[in-house]
Amino acid sequence: MKNRTLTLTLSLLLSLLISSAAYASLTRSLKFTGSVVSTPPLNLELANPVIGSMRQDENIDLDPDKKNLSFHIILTQPGDQRLITFQVENSSSLPARLQNLTGQDPPSTTGVYVVWPELDDVLLMPGAESPEYSILVIWDPSAFGAPAADITLHASLQYTQDAEGGR
Amino acid sequence: MATTTKRKNLYIVFGVLAIFLLSAIVYAAATGTLFFNGTARLNPDLLLEIEDATITGGIDTANGESCVISGDKQTLTFTVYLEEPNTSREVTFDIRNVGKVDAQLAPLLEVDDTEALAAGLIITWPDSDLEDLIIYANTSSVAPEGPFSIVVEWPSTAPDAASLLAESDYEVTFSASIDYMQYVTP
């Protein structure tokens, strides 16, 4: 959504610039030459989010533009773990490459750690769906006695147009 | 001449701006980010409660005896009546695991027996029975582990105990809370 807004804003600015230059060239007899580059937008979406063995009061959700995956899990004892699986779908007409997934680990005092998936350099052709990836959240079996707490987990996955055109 | 230079500069400025804007558009269109946001709630649901507390032989309310479990069922407060030296009273209780995870007991907490000990009374706490005892989820400490007992004794060797107790000559009040942590199978 941000990218679209940015694209729109910059396009408007560019149009204004070209119009100004055109106006200047008309009124002051200046010549203006330029070229237009048409770049179809690259768009990757998250798909098929699932919490393995989901319990009551747990949930997982994708926002409408499929860019944000949010989940809520409940761990009841050390050794408890949850596997959150998802796929990435390339819904654009350009080949894309996943760059990296940057995850923020919870503080070590919580006894909870997260195993984020390795996605660096994965190529996704137009229309293709990635294999299933997983985020593993574990309450360390040796961390008993931890108080009840809510732990926030964040990660972001960047992608870019494949420079080699999918080759 | 000056006008031509100005125009050239204008071209350069427009050119740089156009390149910058074009690059920004291409970059914005060719990259993106997906986000993952989650919450992991640690809900150990670890809870033990004191239950079935009483004084052996019945609570002598006429002489001020009482045996009260607190509202959160974590603390037991009792008052026993000792009529004369060489007598004792026994308070018994059980502990129930009402949580969803197994628990391991520790000795009782917040035991206030300083005054009684100074007066020469002997109090036997069930610490050795409680320490490290495992109470599994949804079970109680009833036999063979329980019930646990606290014995308050006025020994014949402390004939002046009653006069040394500030509150009342024959009534002694104590309070103790259970202490525990989650038990995980090694």
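Note that this is a predicted model, so its numbers are computed, not measured.

**Digging into the overall build of chain B**
Link 1 in the chain: Assigned secondary structure in chain B consists of four helices and 10 strands.
Link 2 in the chain: Ordering the α and β elements of chain B from the N terminus gives α-β-β-β-β-β-β-α-β-α-β-β-α-β.
Link 3 in the chain: The buried share among the 186 residues of chain B stands at 30%.
Link 4 in the chain: Considering only contacts within chain B whose residues lie at least 6 apart along the sequence, 77% involve residues at least 24 apart.

**Topic: the overall build of chain A**
Link 1 in the chain: A tally of helices and strands in chain A yields one helix and nine strands.
Link 2 in the chain: The secondary structure elements of chain A, listed N-terminal to C-terminal, are α-β-β-β-β-β-β-β-β-β.
Link 3 in the chain: For chain A, with 167 residues in total, the buried portion stands at 22%.
Link 4 in the chain: Long-range contacts, defined here as pairs at least 24 residues apart, represent 68% of the contacts in chain A between residues at least 6 apart.

**Considering the sheet that holds strand 7 (residues 122–124) of chain B**
All names here are of chain B.
Link 1 in the chain: Taken in spatial order, the four strands line up as 2-5-9-7 in an open sheet, and their pairing is antiparallel. Two strands lie at the open edges of the sheet, namely strand 2 (48–55) and strand 7, each paired on one side alone. The mean angle between the axes of side-by-side strands here comes to 20 degrees, regardless of whether they run parallel or antiparallel.
Link 2 in the chain: One ladder, built from six bridges, connects strand 2 with strand 5 (residues 87–97); its direction is antiparallel. Across the sheet, the residue bridging to Glu 49 is Arg 96, located in strand 5.

**Looking at the sheet that holds strand 10 (residues 171–182) of chain B**
Link 1 in the chain: An order of 3-4-10-6-8 (chain B) is seen for the five strands of this open sheet, with the pairing classed as antiparallel. The two strands at the open ends of the sheet, each matched to only one other strand, are strand 3 (66–69) and strand 8 (134–135) of chain B.

**Quick look at the nonpolar core**
Residue and element names in this part refer to chain B.
Link 1 in the chain: Residues Val 80, Val 91, Ala 103, Val 172 and Ile 178 are the most contacted members of the largest nonpolar core, which totals 34 residues.
Link 2 in the chain: For this core, the secondary structure elements donating two or more residues are strand 2, strand 4 (75–81), strand 5, strand 6 (103–109), strand 9 (148–154), helix 4 (161–164) and strand 10.
Link 3 in the chain: If you tally residues by element for this core, the top one is strand 10, at five residues.
Link 4 in the chain: Sequence-distant contacts of Val 80, defined by excluding residues within four places in its chain, comprise Ile 55, Glu 65, Arg 89, Val 91, Val 152 and Val 172.

**Re the environment of Tyr180(B)**
Residues and elements named next belong to chain B.
Link 1 in the chain: Here Tyr 180 lies in strand 10.
Link 2 in the chain: For the pair formed by Tyr 180 and Leu 109, sequence separation is 71 residues and the distance between their alpha carbons is 9.9 Å.
Link 3 in the chain: With residues up to four places along the chain from it excluded, the contact list for Tyr 180 reads Leu 48, Ala 103, Gln 104, Leu 105 and Ala 106.

**Some points on the environment of Phe36(B)**
Link 1 in the chain: Relative to the assigned elements, Phe36(B) resides in strand 1 (residues 31–42).
Link 2 in the chain: C-beta crowding within 10 Å serves as the criterion here: with 25 such atoms nearby, Phe36(B) is assigned to the buried category.

**A look at unusual backbone geometry**
Trans is the common state for peptide bonds, and a negative phi is the common state for residues other than glycine.
Link 1 in the chain: Although it is not a glycine, Asp121(A) sits at a positive phi angle of roughly 70 degrees.
Link 2 in the chain: In this structure, Asp121(A) sits in the loop between strand 6 (112–115) and strand 7 (123–124).
Link 3 in the chain: Despite not being glycine, Lys73(B) has its phi angle at roughly 60 degrees, a positive value.
Link 4 in the chain: In this fold, Lys73(B) is placed in the loop between strand 3 and strand 4.
Link 5 in the chain: Exposure remark for Lys73(B): the 17 C-beta atoms within 10 Å place this residue in the partly exposed category.

**Observations regarding the pairing of strand 3 of chain B**
Residues and elements named next belong to chain B.
Link 1 in the chain: As paired elements, strand 3 and strand 4 share four bridges and run antiparallel to each other. Directly across from Cys 67, in strand 4, lies its bridge partner Phe 78.
Link 2 in the chain: Two successive antiparallel strands, strand 3 and strand 4, enclose a turn made up of five residues, where Lys 73 displays a positive phi of approximately 60 degrees.

**Some thoughts on the environment of Ala143(A)**
All names here are of chain A.
Link 1 in the chain: The topology assignment puts Ala 143 in the loop between strand 8 (133–139) and strand 9 (149–161).
Link 2 in the chain: The class for Ala 143 is partly exposed, based on 19 C-beta atoms found within 10 Å.
Link 3 in the chain: Dropping the residues within four chain positions of it, Ala 143 is found in contact with Pro 78 and Gly 111.

**Some remarks on the confidence of the model for chain B**
Link 1 in the chain: Per-residue confidence for chain B gives a mean pLDDT of 82; residues scoring 70 or more make up 81%.
Link 2 in the chain: At the level of chain-chain contacts, confidence expressed as ipTM amounts to 0.72, with global pTM at 0.54.

Conventions used here
- Residues numbered from 1 in each chain as written.
- Chains lettered and ligands numbered in written order.
- Predicted model: local features only at pLDDT ≥ 70, side-chain atom pairs only at ≥ 80, totals over all residues.
- Helix = DSSP H or I, 4+ residues; strand = E, 2+ residues; numbered from the N terminus.
- Buried ≥ 20, exposed ≤ 12 C-beta atoms within 10 Å, placed from the backbone.
- Contact = placed C-beta atoms within 7 Å.
- Pairing = 2+ DSSP bridges.
- Axes fitted to C-alpha atoms, helices over the stretch in contact; angles between N-to-C directions.
- Core = buried A, V, L, I, M, F, W, Y, C linked by C-beta atoms within 7 Å.
- pLDDT = per-residue confidence, 0-100.

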